Amino acid sequence: MPAPPDHGDPADRAFDQAIGFIIRLQADPLAPDLLAALSAWREADPLHDVAWREAAEIHGMSGRALDPRRGGTSRRGFMVGGLALGGAAVAGLGPGLVRMARADHRTGTGQIADFTLPQGAGLTLGPKSAVAVDDDPGLPGIRLLDGLAICTVSGSEDAPFRLRAGTLDVTARGPAVLGCSLSGGVARLTVEAGRVETPRDPGGRMLGAGDLLRDGGDGIELRRAALEAGDGIAWREQRLVVDDEAVAAVVSEIARWIPGQVILADPWLGSARVGGVFDLARPLSAVSAAVLPHGGHVREIAPYLTLVTRF
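Residues numbered from 1 in each chain as written. Predicted model: local features only at pLDDT ≥ 70, side-chain atom pairs only at ≥ 80, totals over all residues. Heavy atoms only, no water.

**Concerning the packing of aromatic side chains**
Ring pairs (aromatic) are described by centroid distance and by the angle formed between their planes.
Then comes step 1: A full pass over the atoms with the stated rule returns 1 aromatic pair.
Then comes step 2: Ring centres of F21 and W41 lie 5.3 Å apart, and the angle between their planes is 45°; this geometry places the pair in the tilted category. Taken together, the residues span a long stretch of sequence, with F21 in helix α1 (residues 10-27) and W41 in helix α2 (residues 32-44) at a distance of 20 residues. The pair formed by F21 and W41 is uniform in burial state, with each residue classed as buried. (Phe/Tyr/Trp six-rings, centres within 6.5 Å; stacked < 30°, edge-to-face > 60°. Helix = DSSP H or I, 4+ residues; strand = E, 2+ residues; numbered from the N terminus. Buried < 20%, exposed > 50% of the residue type's maximum accessible area, 1.4 Å probe, protein only.)

**Considerations on helix α6 (residues 247-254)**
Then comes step 1: With 6 of 8 residues buried, α6 is to be regarded as a mostly interior element.
Then comes step 2: Those residues of α6 lying buried are V247, A249, V250, V251, E253 and I254.

**Quick look at the confidence of the model for the protein**
Then comes step 1: Summing up the model confidence of the protein, the mean pLDDT is 78 and the portion of residues at 70 or higher is 77%.
Then comes step 2: Every residue in residues 1-7 scores below 50 in pLDDT, and together they form 10 contacts with partners more than four places removed in sequence or on other chains.
Then comes step 3: Per-residue pLDDT stays below 50 along residues 61-99; that stretch engages in 72 contacts with residues further than four places along the chain or on separate chains. (pLDDT = per-residue confidence, 0-100. Contact = heavy atoms within 4.5 Å.)

**Regarding the nonpolar core**
The nonpolar side chains of soluble globular proteins are, as a tendency, buried together.
Then comes step 1: If you look at the biggest cluster of nonpolar residues, it comprises 27 residues, and the most contacted ones within it are L123, I142, L163, V170, L189 and V196.
Then comes step 2: For this core, the secondary-structure elements that each account for two or more residues are β5 (122-125), β7 (141-154), β8 (161-165), β9 (168-172), β10 (175-183) and β11 (186-194).
Then comes step 3: Ignoring anything within four residues of it in the chain, the contact list for L163 reads I142, C151, L168, D169, V170, L178, C180 and L189.
Then comes step 4: L240, I254, V287 and A290 belong to the second largest nonpolar core, which has 24 residues in total. (Core = buried A, V, L, I, M, F, W, Y, C linked by side-chain atoms within 4.5 Å.)

**A closer look at the packing of α6 against helix α8 (residues 283-291)**
Then comes step 1: For the pair α6 and α8, interaxial distance at closest approach is 10 Å and the crossing angle is 175°. Here α8 runs roughly antiparallel to α6, going by the angle between their axes. Side by side, α6 and α8 meet where V247, V250, V251 and I254 of the first sit next to P283, A286, V287, A290 and V291 of the second.
Then comes step 2: A per-class count over the contact of α6 with α8 returns 9 nonpolar, no polar and no charged. (Axes fitted to C-alpha atoms, helices over the stretch in contact; angles between N-to-C directions. Parallel < 35°, antiparallel > 145°, perpendicular 65-115°, else oblique. Nonpolar A, V, L, I, M, F, W, Y, C, P; charged D, E, K, R; others polar.)

Put into structure tokens, the structure is as follows:
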């Protein structure tokens, strides 16, 4: 296959390379050498991982294991769906990738990292996460683009701090600790300490410790005093605490600790609800614990490729 054009912008170049991998996977989706090369490429640069995850999501890499009566998944029984890469399909997809790829801070698989923001706030990013810094002098802050984050804010009336994750939008005008996540199409924001205000809070202008905002695509939901202290940011200690959440969102968060690609192949399974405490130190077991109540099974069908199905 000819090499992709060498675009000057690193984000565009990474996107071209991600598409190249997708085209090659279309021909042989379980080739061990190709999967190993893909994993090495993704680990080589956080920009590569961002490009791969967006390209894979955009083009519907929602693997489908065919013919369960065969009792296994053959090399040709695994099909990667939605990989038509015509010019019309690719056109217009760049802005989303560029927005992600130009994040000011990023992390890789299993990586938790601390940063100091220009506003003096502390930022902890979970694995495979990305944020952009808003430099608005009147209302500085960050926007979570993907993944998991904790903000420790020393805000004041004269120096407020804004945090956005998906449709969620809050402002701290005093000291606060905030946790947020954006995974599997679900945005969540928790107040661990302090108080924040939000113009989109359906139950009032102020949120306090233990309050949770959530938007899974059907509108913003407020849950007052929904969490014990530390539960919203327990992933920092390798625990994931969820209550009545979609399996797809839970698997998406756990997958940040798993090298390679984790594919949830069944839409019904992804929409099922689950709750509990999951051990992120054993992420494959955590995925199994999340899907087993609904008949799900986890298979490592190749290096760096994990498939979740209902058979």
